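# A closer look at the structure
Residues per chain are reported as follows:
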Amino acid sequence: MTRSRYILKRLLQTIPLIAGIMVLVMLLLHVVPGDPARAIGGMAASDETVEQIREELGLNRSFVAQYIAYVGNALQGDLGISTRSRQPVTEIIGERLAPTLWLLTAGMILSIVLASAVSVLAARNKDRAADYALGGLTVIGLSMPAYWVGIMLLLLVALPTGAFPISGFGKGFWGHLNAIILPALTFAIAISPVMIRALRAKLVALYRNDFVMMSRAVGLSESTILARHLSRHAALVLITMVSVQVGPMIFVGVVIEKTFALPGLGQALVNAVAQRDFPVVQGITLTTALFVTFVHLGADIFTSFVNPRTVLE
Amino acid sequence: MLTKALPHSFRGRLVVAAAALLLTLPVAPSAALADGTLTIGRPADVSAMSVFSHSTIEDEIVHPMLFDTLVYGSKDDPGYVPGLAESWDFDSASNSYVFKLRANAAFSDGSPVTAADVVYSLSAAKEKSQNYKGMLAGMTAAEAVDDHTVKVTLAGPDNIFMSGLIWVYVLPENMNGKDADAFFAEPLASGPFALDAWTPGSSMSLVRNPHYWNAAETGLDRVDMKIIQGDNERLAAFQSGDIDIYENVRFDFIDQIPEAQRHIVSPTARTMFLFTNNYKPPFDSIEARKALSYAVDRDAIGEALWPGLSVPVQGMLMPGTTGAVPADAGSWDFDLETAEAALAASPTPKPEITLSAAYIRGVDEVLVQAVQAQLQDAGFQVTLNVSDFNTILGQVLNGEFDVWLLGNTTFGTTVAEMFAFYGGAFGPLGGWDLDALGGALEKYLVAPDAAGREAAVRDFENMMRETFTAVPIGHPDTVFAIADGVEGFETLPTTAYRLDRISVNR
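How each quantity is defined
Residues numbered from 1 in each chain as written. Chains lettered and ligands numbered in written order. Predicted model: local features only at pLDDT ≥ 70, side-chain atom pairs only at ≥ 80, totals over all residues. Heavy atoms only, no water. UniProt positions renumbered as here; feature names shortened; annotations may be inferred. Contact = heavy atoms within 4.5 Å. Salt bridge = Lys/Arg side-chain N within 4 Å of Asp/Glu carboxyl O. Polar contact = N/O pair within 3.5 Å; in protein donor to acceptor, adjacent residues only side chain to side chain. Helix = DSSP H or I, 4+ residues; strand = E, 2+ residues; numbered from the N terminus. Nonpolar A, V, L, I, M, F, W, Y, C, P; charged D, E, K, R; others polar. Pairing = 2+ DSSP bridges. Buried < 20%, exposed > 50% of the residue type's maximum accessible area, 1.4 Å probe, protein only. Domains from an automatic or database assignment. Buried area = accessible area lost by both parts, 1.4 Å probe. Axes fitted to C-alpha atoms, helices over the stretch in contact; angles between N-to-C directions.

Identification of chain B as ABC-type transport system, substrate-binding protein from Cribrihabitans marinus is taken from an unreviewed UniProt entry. Word for word, the UniProt comment on chain B under Sequence similarities (unreviewed entry) is "Belongs to the bacterial solute-binding protein 5 family." Its UniProt record, at the heading Subcellular location (unreviewed entry), says of chain B: "Periplasm".

Looking up chain A in an unreviewed UniProt entry gives the name Peptide/nickel transport system permease protein, with the organism given as Cribrihabitans marinus. Recorded under Subcellular location (unreviewed entry), the UniProt text for chain A is reproduced unchanged: "Cell membrane".

If you want it as structure tokens, here you go:
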């Protein structure tokens, strides 16, 4: 199979996937206990108000009609109106996207840097004290829930030093960067242990290969061997890990946004769920599901370039 | 080649990476309080900007700052004081009020607030307000006498109407031709502040409205509100100086707040209670409800969960509200033997019940488990149903519950609002005696004086106590933490406070 055919095939596969995601998103409204319109209206809402909400949400129509209308509107960039703030959902998502992207990007970079450094150190010191110590640290990292790590960083770093804001996203580039450091570190502590374990195992296997021994024999330094010969293999492991972990990453991001009061999509989702703002819940769920889908797609396409054998054969 | 440009060892690379990270560390953020700016950390955002959806304590604090009202809530009798209306006269013969508006009142764009705006706002509130239109039900006509005088005619004697004016927010006539969504997206303010920025669920900023009729006494130039949901995070934000007002301090965090910075609201306008489904067994039986009430050891709960931070149970109406009086038909005391006897005499002597609860508004895991244990001691077999508030509410609205443990706070400074709310919302859902409730409400509505209103409230409380229609548990306080330099912070028992009365002095 040629690469272009492979990419086309993967693109076509995403269409039914997205259609399925939208069905699940639509079902959100229908699995809520009781009448969602009544739940939105609250205890004192009159029947007239409840009927108005029902009409606005389209609940009076059949599921198929609702689905077709939702897909049609979504294709035109219309994900509905928030039942609370009365803002268009796309506008809410647009406003909230930046902090989430900052968090995911900074957190991912930090995770990759941390995972690479620790894995290399552990692999090169296999079965020595450093390896065991780093292995222990990854177990501790895996055991600590992100919200707890976040609170600890707030109490032990932000509060005594005063160098980081306790909450919010800051203003301007440097303000954003300052505000994102501790959330990104929390993210990395939560996400990197799994990467470290996978990458270390791969590097240990690679270090046993003949070509590594040959490289050493011809006098190449360890860092040169790593950079020239092992980095491509390591990159594939990291891409796979990012791709596999993107779902949990979104979940961790939601927790971190809540802990640090970052005004991102995760915080908006939590608020919308609490307020039964179904259009916003649906919009953010759809956005994150599409994000995960496209990360997987991107990872596959990237891998087809870096290591064609794995996907094209 | 990149690898040659970098230090050879990985240790070297790590040092470079660490140094790069350190270089990104900026200086410490400035203190939250610049002169004239106040920062508040609160657990939740307003439910909506539309005043017609007004339903939470956050709405109760923000909406009156953006939209003026004829009267302002007060903790002193009769529960309200002049606001946009500097005075009013009541003519008992025609059941009409004539309100005199402040001559210098203006919207945030400088245009005057006129009687026509007030007339429109009264009609709009009566028609559209989701939660408070009932309090304006007695209003039959509103008319502009002149630019600064409004006449309101009532169908008859109505002791609830004036309390209801606390929620009639003054908007420009016909919302300047905009629909509600468009208007509230960029609201024209008539109150002490105007909206500067709002990211729903995250933050809101208000700026001083220089055209407000009492702008000279508005102490703040700017208010920033941050939504920080976590209790730990809100505490950390206060301790770091990130916020100046820390709303809803958890009782077990109080020791971490210096005594001078604590602001305790006691008594509040909150009642924790057990709301029973009286339509179906076992609580369609008065004996079962009686057993439920006698099984709850309120003193033990108060001492363990709200040590020194609650007032004893007075009744279903909140002790912090003007006009609340206790029942004189017995007490709400704990008596396990009576509880067991009542349960034995009920049609279902060993009832299996579901105790529903959401961890919100003062309800937490410990309280729920304490109540569960106490009910089980009396012979109830209790299964917990803990979920988010809206899920529980959805179940209650569909009648799918046995008993719901909840904290209920009134936003009214008088008993009138809660009286009406019990009648309009809880009563029909719980299967209360609506005739008895309506009779007490009607008596309150037309009572000619305070003694008459007190008698009506007592009728209601006696009815609740004699029939155990619902079971109150306690009235816990509310605690705020206020940073040094914040002056003029004063709350109503509802825990609402006016931002325009606050100033900063650092």
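From this point on, the discussion continues.
### A word on the interface of chain A and chain B
If you look at the interface, chain A gives 47 residues, while chain B gives 48 residues. Inspection of the region where chain A meets chain B yields 1 salt bridge. Here Arg86(A) ties to Asp181(B) by a salt bridge, and the two come within 2.8 Å at their closest N and O atoms. Taken together, the links from chain A to chain B amount to 5 residue pairs in polar contact (both at pLDDT 80 or more). Looking at the side of chain A that touches chain B, the elements that each hand over two or more residues are helix 2 (36–41), helix 5 (89–124), helix 7 (146–161), helix 8 (172–207), helix 10 (222–259) and helix 11 (265–274) of chain A. Of all the elements, helix 10 of chain A adds the most residues to the side of chain A that touches chain B, at 6 residues. Tallied by class, the residues present in the side of chain A that touches chain B amount to 22 nonpolar, 15 polar and 10 charged.

### Section: the pairing of strand 10 (residues 222–227) of chain B
Residues and elements named next belong to chain B. Both strand 1 (residues 37–42) and strand 10 contribute to a ladder of 6 bridges, which runs parallel. Its bridge partner being in strand 10, Thr37 is matched across the sheet by Arg222. Strand direction decides the pairing type here: strand 9 (residues 203–208) and strand 10, joined by 5 bridges, are antiparallel. Bridge pairing links Ser203 to Lys226 in strand 10.

### Here we look at the pattern of salt bridges
Residues and elements named next belong to chain B. Counting across every chain of the model gives 21 salt bridges over all chains. Notably, a salt bridge pairs Arg222 with Asp196, separated by 3.1 Å at the nearest N-O pair. With Arg222 in strand 10 and Asp196 in strand 8 (residues 193–199), this pair connects stretches of sequence that are 26 residues apart. The exposure class of Asp196 is partly exposed, given its relative accessible area of 43%. Note that Lys443 is salt-bridged to Asp459, the shortest N-O span being 2.6 Å. Placement of Lys443 in helix 14 (residues 434–446) and of Asp459 in helix 15 (residues 450–467) is noted, with a sequence separation of 16 residues between them. A relative accessible area of 35% places Lys443 in the partly exposed class.

### Brief notes about the domain arrangement of chain B
Residues and elements named next belong to chain B. Segmenting chain B into domains produces domain 1 (31–48 + 191–266 + 479–504), domain 2 (68–182) and domain 3 (268–476). Taking only C-alpha atoms, the centre of domain 1 and the centre of domain 2 are 28 Å apart. Across the domain 1 to domain 2 interface the summed buried area is about 1,000 Å²; carbon plus sulfur atoms make up 57%. Our enumeration of links across domain 1 and domain 2 arrives at 1 salt bridge. A salt bridge links Glu490 to Lys75, with the nearest nitrogen and oxygen atoms 3.6 Å apart.

### A word on the sheet that holds strand 15 (residues 352–357) of chain B
Residue and element names in this part refer to chain B. Taking strand neighbours across the sheet as the criterion, the 6 strands line up as 14-18-13-17-15-16 in an open arrangement whose pairing is mixed. Unpaired on one side and paired on the other, strand 14 (310–311) and strand 16 (381–386) mark the two borders of the sheet. Bridge count for strand 13 (residues 270–276) against strand 17 (residues 403–409) is 7 bridges, and the pairing is antiparallel. For Thr276, the partnering residue across the bridge sits in strand 17 and is Val403. Across the sheet, helix 12 (residues 389–397) lies against strand 13, strand 15, strand 16 and strand 17, angled at about 115° from strand 17, the strand it touches most.

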